[in-house]
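Each chain, written out:
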Amino acid sequence: MVINVGDVKFYLHKFPLLSKSYRLQKLVACTNEENGDEINIHDIPGGPAAFDVCAKFCYGMTVTLNAYNVVAARCAAEYLEMYETVEKGNLIYKIEVFLTSSIFRSWKDSIIVLQTTKGFFPWCEELKIVSHCLDSVASKASTDTSKVDWSYTYNHKKLLSENEIDLHCDVVNKQQLVPEDWWVEDLCELHIDLYKRVITTIKTKGRMSAEAIGEALKAYVNRRLLGFSKGKIHGSDPEKYRYLVDTITWLLPKEKNGVSCGFLIRLLQASIALECGQTVRSELKKRVGLQLEEATVGDLLIRAPDSETIMFDIDLVHDLIEQFMLHQKNGQIDCPADNRFQDIRPAFASERSKVKVARIIDGYLAEVARDPNLPLSKFVNLAELVSGFSRSSHDGIYRAIDMYLKEHPGITKSERKRICRLMDCRKLSAEACMHAVQNERLPLRIVVQVLFFEQVRATTSSGGGSTPDLTRSVKALLPVGSYGSSTSVTSNTEEDWDAVPTAKELKALKGGLATLRLRDREGNNGSDLNDMKTNAEKVDTSKVKGSIISKKMFSKLWSNKDRLSENSSSDTSESPSSSNAGETKSTPCRSRRQSMS
């Protein structure tokens, strides 16, 4: 008889075929005189190659099965109905024994077979080949690492090179050094649909840590999304990549530290570039917000869309901070039992997170401030979003402000005044104060405030006086009834306050307040309040714009400081001398004047 399988003709004898294939028996019975002994089979799984394996088995010839052809042979045998009811020891039985005793016992073969099932749906699903492969792979991946004795690919070589295993080390010690994520690279060969099912099955086993799951997802994305690590996706199939990002997002472990914040940000960046659905992007923003304190400034430097004139996507960072604040609020109030993010942090941990986020955003602002097209409103709005976070030092925000003023020299006096309100002069380190009092980009009022608080710090630390005493010295400069008043300053003088000082004026300011400190010390050594007021009024301020540092000006300055104190964060009431030395050391960019200018 002649059997046509696709474009291939098989000339075979009826007897060995019909004795093992029930389907061929039915096909022969249905043939008519016109067709003779010719049968057409066009829909057999695996095509001519799979039919050839089945035909050879019927003739009693040796058949070689392996991980690459066993799926096709099994599906073809099912198509030909080569059951045990037709003949004992038929091909279906033989293949099932081979799968159970060999394929499913092997880590590599199970992955290969699982990969080959892609072209045989729905046959493989109905025959449960896929489910058996999934269970085999998931069980082996979840095995205790001390019991892993089969060979695996990438991570085994990596382990040997990174840990420099002694050649004389015994087998037991080598097994103990098997990493928990030894399996992640091998699974990267799977198609995304099969990969999703494998990871889901591994999660169901419940024996794999969230960190190992996260490492697997990271390895898969880096392998499958070209340019992912650099934030620039390369490829001509956006639909395929979009589905991949959606799937990986769905597979993310629920635990907070399952994946790093940097990985989540890059995944979010990819979802935006690929125009994924709003649900996916919202989910990723929530996840980033939950771990924002773990991010770095480099993680947040996300390029803005090509349609924007600015360099970096500040609006996205703004959204991430809002998500962080929302999680902080919800974490302290309530957390539903079915909440996806079940890691609730106590209040003290929440405050530490805020401090970390504030430092990150300060550094981020210093970087984006270099963009000449960055609007002041975006800079200020982002800075104000974290202004309520407790910080013992404002060196970071000062550096960001100074960088913005340097890159945007054309801003108006009111804009310069607005951006300088973001920092608290009382929270600048000694190094930052030293830089600020010589900074010709700052408005005059800010320089005076920095000088004042630096004198307070110096007086307190030297034991020559106290902050309240020096405060009274400043009040002594004010006329009766003018303290806290801002109406006594003319408009012209107000403009002078917001102007930037010259080097000569800066020098005069420093000399004036130094004299003020000396007069205050004299007052503490025995003079009464009237004598202290008389001495303080002798301070020569004529060198600074004629009469800018006058009684009225100190009145204006002091009223501004009062408002600043009212609007500052919870820890602004700390003494300037209580500035943490460790905080100063944490800002190496302050160690050199040049780095801030």
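Look up a bit, the structure's there.
Report follows, based on the coordinates. (Residues numbered from 1 in each chain as written. Predicted model: local features only at pLDDT ≥ 70, side-chain atom pairs only at ≥ 80, totals over all residues. Heavy atoms only, no water.)

The next subject is the environment of Lys286. Its location among the elements puts Lys286 in helix H16 (residues 278–290). Note: C-alpha distance between Lys286 and Asp319 (33 residues apart in sequence) is 9.5 Å. (Helix = DSSP H or I, 4+ residues; strand = E, 2+ residues; numbered from the N terminus.)

Trp183 and Phe379 are the most contacted members of the largest nonpolar core, which totals 148 residues. Two domains each donate at least three residues to this core, and these are domain 1 (1–105) and domain 2 (349–461). (Core = buried A, V, L, I, M, F, W, Y, C linked by side-chain atoms within 4.5 Å. Buried < 20%, exposed > 50% of the residue type's maximum accessible area, 1.4 Å probe, protein only. Domains from an automatic or database assignment.)

Our focus in this paragraph is the sheet that holds strand S2 (residues 8–11). Strands sit in the order S2-S1-S3 across an open sheet of 3 strands; the sheet is mixed. Each end of this open sheet is capped by a strand with a single partner; those strands are S2 and strand S3 (38–41). Taking the axes of each pair of neighbouring strands and ignoring which way they run, one obtains an average angle of 20° across the sheet. (Pairing = 2+ DSSP bridges. Axes fitted to C-alpha atoms, helices over the stretch in contact; angles between N-to-C directions.)

In this section: unusual backbone geometry. The omega angle of the peptide bond from Phe121 to Pro122 is 5°, so this bond is cis rather than trans. In this fold, Pro122 is placed in the loop between helix H6 (107–116) and helix H7 (123–126). One non-glycine residue, Lys128, lies in positive phi territory at about 65°. By the secondary structure assignment, Lys128 is in the loop between H7 and helix H8 (129–141). Unlike most non-glycine residues, Glu275 shows phi in positive territory, near 60°. Tracing the chain through its elements places Glu275 in the loop between helix H15 (261–273) and H16.

Glancing now at the pairing of strand S1 (residues 2–5). Look at any regular strand and the pattern is simple: side chains alternate between the two faces of the sheet. Taking every second residue as pointing to the same face, both faces of S1 are buried, with Val2 and Asn4 on one and Ile3 and Val5 on the other. Where S1 and S2 come together, 4 bridges link them in antiparallel fashion. In the strand pairing of S2, Asn4 is matched with Lys9. Hairpin connection from S1 to S2: 2 residues lie between these consecutive antiparallel strands, with Gly6 at a positive phi of about 65°. As paired elements, S1 and S3 share 4 bridges and run parallel to each other. Pairing of Ile3 across the sheet is with Ile39, part of S3.

What follows deals with the packing of helix H20 (residues 376–385) against helix H22 (residues 413–420). Contact geometry of H20 with H22 gives a least axis separation of 10 Å together with a crossing angle of 20°. If you check the angle between H20 and H22, you find them roughly parallel. For the pair H20 and H22, the crossing hand works out as left-handed. Residues Leu376, Ser377, Phe379, Val380 and Asn381 of H20 form the contact with H22, whose own contacting residues are Glu415, Arg418 and Ile419. Along the lines of polarity and charge, the residues of the contact of H20 with H22 split into 4 nonpolar, 2 polar and 2 charged. (Parallel < 35°, antiparallel > 145°, perpendicular 65-115°, else oblique. Left-handed = near helix turned anticlockwise from the far one by under 90°. Contact = heavy atoms within 4.5 Å. Nonpolar A, V, L, I, M, F, W, Y, C, P; charged D, E, K, R; others polar.)

Okay, the packing of aromatic side chains next. For any pair of aromatic rings, geometry is given as the distance between the ring centres together with the angle between the planes. In total, this model carries 8 aromatic pairs according to the counting rule given. The ring of Tyr79 is capped by Arg23, whose NZ or CZ atom sits 3.9 Å from the centre of that ring. In this arrangement the basic side chain of Lys196 is found over the ring face of Trp250, its NZ or CZ atom lying 4.6 Å from the centre. (Phe/Tyr/Trp six-rings, centres within 6.5 Å; stacked < 30°, edge-to-face > 60°. Lys NZ or Arg CZ within 6 Å of the ring centre and 35° of its normal.)

Another point: H16. Across its 13 residues, H16 extends 18 Å between first and last C-alpha, which sits within 8% of the 18 Å expected from 1.5 Å per residue. For H16, the full list of buried residues reads Val280, Glu283, Leu284, Lys285, Arg287, Val288, Gly289 and Leu290. (Expected span 1.5 Å × (residues − 1).)

Under the definition given, this model contains 20 salt bridges. Across the pair Lys354 and Glu351 runs a salt bridge, and its minimum N-O distance is 3.8 Å. With Lys354 and Glu351 both in helix H19 (residues 347–368) and 3 residues apart, the pair spans about one turn of that helix. The exposure class of Glu351 is partly exposed, given its relative accessible area of 36%. Of the charged contacts in the structure, one is a salt bridge between Arg391 and Asp362, with a shortest N-O distance of 2.7 Å. With Arg391 in the loop between H20 and helix H21 (395–407) and Asp362 in helix H19, this residue pair connects regions lying 29 residues apart in the sequence. Of the residues examined, Arg391 reaches a relative accessible area of 5% and is grouped as buried. Overall, the relative accessible area of 5% leaves Asp362 in the buried class. Each member of the salt-bridge network shares a partner with another, and the members are Arg23, Lys26 and Glu81. (Salt bridge = Lys/Arg side-chain N within 4 Å of Asp/Glu carboxyl O.)

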